[in-house]
Amino acid sequence: MSLSPDDIRDLRVTWALVAKDAEGATTAFYEELFRIAPRLRPLFAGADLKAQGRKLASAIGLVVRHADNLAPVLGPLRDMGARHTGYGVRAADYDAVGQALIATLQAGLGPALTPRARNAWITAYSAVAGAMQAGAADLARESA
């Protein structure tokens with residue numbers, strides 16, 4: 001992943017705005033995710049979505065804080081990807097999550113999500129999804 005200093009600044013500025021109402025943002029994210037990918041709803045059966053939302057906001061915040069050097073979070077992201085395989089997450093599901101993330105940011109931030117900031121979020125999410133998918137692939141290889 002290659003984020004410019006401007007990209008990193010845009011991530012941090014827009015995340016600071018979103019984080020002011022992290023619970024509302026994560027609620028909106030899950031609503032959007034289940035709207036565009038209803039097949040994912042059963043993966044959260046019985047889950048406390050507020051608690052899940054807090055975990056999501058914390059994970060996004062960690063990535064944003066480390067946007068200038070993701071090396072410290074790549075290992076934990078790979079581990080998270082391996083765990084998500086056990087929950088039933090498939091490689092194709094990462095696209096729906098990315099779409100829901102960008103749609104949620106757009107709805108919540110409006111014009112504050114400039115085209116450059118949007119592209120920075122897409123790039124950052126692609127790096128996160130790639131690390132998680134690599135962790136899932138590692139688990140599949142180990143299990144084979």
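Above this note sits the structure.
As a starting point, this report considers the structure included with it. (Residues numbered from 1 in each chain as written. Predicted model: local features only at pLDDT ≥ 70, side-chain atom pairs only at ≥ 80, totals over all residues. Heavy atoms only, no water.)

Observations concerning the overall build of the chain
Along the backbone of the chain there are six helices and zero strands. Secondary structure elements of the chain occur, N-terminal to C-terminal, as α-α-α-α-α-α. Against the compact-globule benchmark of 15 Å for 144 residues, the chain has a radius of gyration of 15 Å, which places it among compact chains. Here the C-alpha coordinates of the chain stretch approximately 45 × 30 × 20 Å along the principal axes. When the 144 residues of the chain are sorted by exposure, 38% land in the buried category. The long-range share in the chain, meaning contacts at least 24 apart out of those at least 6 apart in sequence, stands at 79%. For the chain, the exposed area adds up to about 7,900 Å²; of that, 58% sits on carbon and sulfur atoms. (Helix = DSSP H or I, 4+ residues; strand = E, 2+ residues; numbered from the N terminus. Rg over C-alpha atoms; globule rule 2.2 N^0.38 Å. Buried < 20%, exposed > 50% of the residue type's maximum accessible area, 1.4 Å probe, protein only. Contact = heavy atoms within 4.5 Å. Areas by Shrake-Rupley, 256 points an atom, 1.4 Å probe, with all protein chains shown as cover.)

Some details on helix α2 (residues 22-36)
An ideal rise of 1.5 Å per residue puts 21 Å on 15 residues; α2 measures up with 21 Å between its terminal C-alpha atoms. Buried residues of α2: A25, T26, F29, Y30, E32, L33 and F34, and no others. Elements in contact with the buried residues of α2: α1 (5-19), α3 (49-65) and α5 (93-109). (Expected span 1.5 Å × (residues − 1).)

What about α3?
Over its 17 residues, α3 runs 24 Å from end to end, which matches the ideal 24 Å to within 8%, given 1.5 Å per residue. Those residues of α3 that are buried are in contact with α1, α2, α5 and α6 (115-143). N-capping of α3 is provided by D48, with a side-chain oxygen placed 3.0 Å from the backbone N of K50. (Polar contact = N/O pair within 3.5 Å; in protein donor to acceptor, adjacent residues only side chain to side chain.)

Some thoughts on the environment of R78
One can find R78 in helix α4 (residues 71-86). Note: C-alpha distance between R78 and S4 (74 residues apart in sequence) is 24 Å. Here the side chain of R78 touches D138 through a polar contact of 2.4 Å, side chain to side chain.

Some details on the packing of aromatic side chains
On inspection of all chains with the given rule, the structure shows five aromatic pairs. Aromatic side chains W15 and W121 sit 6.3 Å apart centroid to centroid with 55° between the ring planes, which places their arrangement in the tilted category. One end of the pair, W15, is in helix α1; the other, W121, is in helix α6, with 106 residues separating them in the sequence. You can call W15 buried: its relative accessible area is 13%. Judged by centre distance (5.0 Å) and plane angle (75°), the ring pair of F29 and Y30 falls under edge-to-face. Each of the two residues, F29 as well as Y30, counts as buried. (Phe/Tyr/Trp six-rings, centres within 6.5 Å; stacked < 30°, edge-to-face > 60°.)

Comments concerning the pattern of salt bridges
Counted by the stated rule, this structure contains eleven salt bridges. The partner of D10 in a salt bridge is R116, with the nearest N and O atoms 2.6 Å apart. Linking D10 in helix α1 with R116 in helix α6, this pair joins segments that are 106 residues apart in sequence. You can call D10 buried: its relative accessible area is 9%. Looking at R116, the relative accessible area reads 39%, which means it is partly exposed. Here R12 makes a salt bridge to D68, at a shortest N to O gap of 3.3 Å. Residue R12 is found in helix α1, and its partner D68 is found in the loop between α3 and α4; the two are separated by 56 residues along the sequence. (Salt bridge = Lys/Arg side-chain N within 4 Å of Asp/Glu carboxyl O.)

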